[in-house]
Amino acid sequence: MAQFTVLGSVGLISLRNPPVNALSTHVRQAIIDNLKRALSDPKVKSVVISGHGGIFCGGADIKEFAKKLSGPPLAPMIHMIAAAHKPVVAAIEGSAFGGGLELALGCHYRLAHSKAKLGLPEVTLGLMPAAAGTQLLPRLIGVPAALNLITTGRHVTAAEALQLGIVDQVIDHNVLAEALRFSESVAGQPLDARRISTFPCPRPSDLDALFEEATRKVRQSARGAVAPLRCIEAVRAAATMPYAQGLELEGKLMATLMNSEQARALQYSFFAQRAVAKWSMPSGARWDTSQPRPVRRVAVIGLGTMGRGIAVALAQTGLPVVAVETQEKQLVQAKQAISAMLERGAKRRGAAPPPDGISYGTDIQAAADADLVIEAVFEDMALKEKVFQQLSAACKPGTLLCTNTSSLDVDHLAAQTRDPELVVGMHFFSPAHVMKLLEVVYGSRSSPQAVATVMQLGKKMGKVNVAVGNCPGFVGNRMLAPYLEQAFFLLEEGATPELVDQALEEFGFPMGVFRMSDLAGLDVGWKIRKENGLANHGLVAGQSATIRRGRRDSPLGDLLCEQGRFGEKTGRGWYQYDKPGGRVARSDPWLHSFLEGYRAQHGLVARPIDHQEVLERCLYALINEGFRILEDGIAAKPEDIDVIYVFGYGWPRHRGGPMFYASTVGLPKVLEVLERHHQAHPDVPHLQPCDLLRRLVAGGSPPIHKWNEVTGKFHSRL
Ligand code: NAI
């Protein structure tokens, strides 16, 4: 609701709908009722709208999206505020997001606390700010700035909001008290020049170029997403049409988004991100109700690619960090690289670099005082065993020992230590100071408290943490394996890297599988396969297919590595680059003739392959593995898998994640397609539909949040 009080000559409307004062039906109604009271009360000369509990307004109530609109709509309410004959002042504390900011734009003046954040994040939910936001903001701050905020949904600080002209004043003490004083001072003054809807929209001379550039940017950063494009259309209307007409178009464009599949996927993704924070261990113990241990000092062991990024992300939290690297040369390079990364990060955030809280050492004993250690040495079990034994002996009792391994057994490492319950996997993604995802891998003996501690540290580092069980590849990489495998098989059957990548990029991935593989480096997997005795299978020329140990397996990646083609780093991989380290991929005729030679050697006849087949083979194999992971209880719920894929593997957010996508395609269809491909390729186990998928289809394909009831492993708390 919204409470109304008269304080002297000021009518105060205070939104009260915890936790974020969302504009639910009853809140909108209360604002209108209270505004009417304020306007008709002769004692009231001006009005202040504020939010109770230190937050102005978090925007629309997302839970109401799925329902039919009831109560007064937002836009007419905002126009009613703007049309008021007494000044209305917004006192913005905490945040003014979405409908909350639109509400503030309806007011005649806006005062914000210096710590407040403002923004129109609707686009991130597949929508647009359609309570006049797309028409008001460009009129207030100009087309380029409005386009940027509306199409990205990014938040701005109060300082930036002042600079852009969104707010009139920034206050670093009591905003409400200041707003009450301010509103008295402007009472009785003319308001015509304060109604944003009457402002002419500044019309940049290069309007067409501006909108073209905005469209290009959106197509590049949110491939396939519709909402940002509709936002651009709406802002264009603000710049080219009278207000009323622009508003009408805004409404029409919003109607096309409101019930779209993309909006549903993005809203699902929003809730999924919240849901991953709630989880219980198979024992039934809940880590999210466990009290985390205090972490005051963290050590990082191994300062290669990952260790450096992890150290940076830790230092940015302000925690003292001890960084240990055995190789002197690596240590010197790491120090320089870490300082440079910290400086760049600070520059980007417009902040001072964090105080250098990192101390360096070459002896593992330096980690003795840490409350938590993150190991990031080479992916070599014998080495990691030794490091865990050393850490267990060196560290004080109670220290959590974490590993950043991407493939090795967390339980085996835990068994090397005094306290296996304090061992947890922290699987970061590269670059670790940038990538949002953190897979928190609990072993069979990890304690809920240890998991809770790691989750809390991850949160402090700004990560999206997903707790997952221990198995080869955990969740993300385990699902990636069948996806990669299908891509190789498609090459064997007649596709090119370009065709496969194009299909995946059109689907919405920022990069196709082969571009991604070139970027990550083909040698990484090759090294692991060689160590496991899996690389270079000694293929027999003339073999009709590449069969090993009774199942089809492709050596293509290994064969490229044997040619020294490691991807971008060597200037050659699945594509060619102008130089080692080059970023622009070009088709490579060598690769095409290599593929032809390979097919001829193994009696493989190239056949035409279309985009549809690429998507079915690569994505459905990945999804099938996702069902297996649910069945095995490695992921507690489908939302966990989806969040991992959106935040760690470039799965297009507007498609929700692989499991959500499967639910939109329809499970019977997914099953049928997998069955069809498995019949065509019986030697590919990943295409064999898993039992859980069959059971779900047989049970009438329940909605996604009910899948766990079928696995019987976990209960989703969504
Ligand atoms: P890297 O080869 O770049 O760095 C490893 C570093 O550890 C080297 O600087 C090495 O000198 C140091 N080192 C070796 N033995 C040591 C010891 N006893 N004490 C202290 N330092 C020691 O390796 P990278 O790529 O950083 O990988 C590290 C770990 O992270 C591996 O387990 C890997 O599987 C995992 N990982 C790697 C990802 C990637 O994209 N590179 C992604 C996620 C996890």
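What counts, and at which threshold
Residues numbered from 1 in each chain as written. Predicted model: local features only at pLDDT ≥ 70, side-chain atom pairs only at ≥ 80, totals over all residues. Heavy atoms only, no water. Patch = residues over 30% accessible without salt bridge, like charges linked within 9 Å, V, L, I, M, F, W, Y side chains within 5 Å. Areas by Shrake-Rupley, 256 points an atom, 1.4 Å probe, with all protein chains shown as cover. Salt bridge = Lys/Arg side-chain N within 4 Å of Asp/Glu carboxyl O. Lys, Arg positive; Asp, Glu negative; His and termini not counted. Charge placed at Lys NZ, Arg CZ, Asp CG, Glu CD. Buried < 20%, exposed > 50% of the residue type's maximum accessible area, 1.4 Å probe, protein only. Helix = DSSP H or I, 4+ residues; strand = E, 2+ residues; numbered from the N terminus. Pairing = 2+ DSSP bridges. Right-handed = clockwise from strand over helix to strand, strands pointing away. Axes fitted to C-alpha atoms, helices over the stretch in contact; angles between N-to-C directions. Core = buried A, V, L, I, M, F, W, Y, C linked by side-chain atoms within 4.5 Å. Contact = heavy atoms within 4.5 Å. Domains from an automatic or database assignment. Near = heavy atom within 4 Å. Polar contact = N/O pair within 3.5 Å; in protein donor to acceptor, adjacent residues only side chain to side chain.

(A) Seen up close, a positive patch on the surface. Taken together, Lys63, Lys67, Arg274 and Lys278 make up a surface patch of like positive charges. Relative accessible area serves as the criterion here: at 60%, Lys63 is assigned to the exposed category.

(B) View of the pairing of strand β3 (residues 46–51). Within β3, 6 of the 6 residues are buried, which leaves the element mostly enclosed by the surrounding structure. Relative to β3, strand β2 (residues 10–15) runs parallel, the two sharing 6 bridges. Note on β3: the bridge partner recorded for Leu12 is Val48. The handedness of the β2 to β3 crossover, carried by helix α1 (residues 25–40), is right-handed. The pairing of β3 with strand β4 (residues 88–92) spans 4 bridges and is classified as parallel. Bridge pairing links Val48 to Val89 in β4.

(C) Structural context of the sheet that holds strand β1 (residues 2–7). One open sheet holds the 6 strands; their spatial order is β1-β2-β3-β4-β6-β9, and the pairing between them is mixed. In this open sheet, the two edge strands, each paired with only one partner strand, are β1 and β9 (169–171). Strand-to-strand twist in this sheet, taken as the mean axis angle between neighbours without regard to direction, amounts to 20 degrees.

(D) Main features of the nonpolar core. Membership of the largest hydrophobic core comes to 100 residues, with the highest contact counts inside it found for Val500, Leu504, Trp574 and Phe627. Top contributing element to this core by residue count: helix α23 (residues 611–632), with 11 residues. Residues contacting Val500, with those up to four places away along its chain left out, are Ala487, Leu490, Leu491, Ala495, Val513, Phe514 and Val614. Listed in part, the 77 residues of the second largest apolar core include Leu35, Leu118, Ile150 and Ala161.

(E) Highlighting the domain arrangement of the protein. Under the domain assignment used here, the protein contains domain 1 (2–258), domain 2 (290–474), domain 3 (495–601) and domain 4 (611–716). Relative placement of domain 1 and domain 2: their C-alpha centres are 42 Å apart.

(F) Quick peek at the site of the ligand. Near the ligand there are 24 residues, and of these Glu325, Gln330, Glu379, Lys384 and Ser406 occur at the shortest range. At 3.4 Å from an oxygen atom of the ligand is found a main-chain nitrogen or oxygen belonging to Val377. Ser406 places a polar side-chain atom, nitrogen or oxygen, 2.7 Å from an oxygen atom of the ligand. Listing elements by their share of the shell around the ligand, those giving two or more residues are α12 (305–315), α14 (381–394) and β15 (423–428).

(G) Inspection of the pairing of strand β11 (residues 321–324) at higher detail. Going residue by residue along β11, you find Val321 and Ala323 tucked away on one face and Val322 and Val324 tucked away on the opposite face as well. Pairing between strand β10 (residues 298–301) and β11: 4 bridges, direction parallel. Bridging from a neighbouring strand, Val300 pairs with Ala323 of β11. Tracing the backbone out of β10, into α12 and back to the parallel element β11 gives a crossover that is right-handed. Where β11 meets strand β12 (residues 358–361), 4 bridges bridge the pair, whose relative direction is parallel. For Ala323, the partnering residue across the bridge sits in β12 and is Tyr360.

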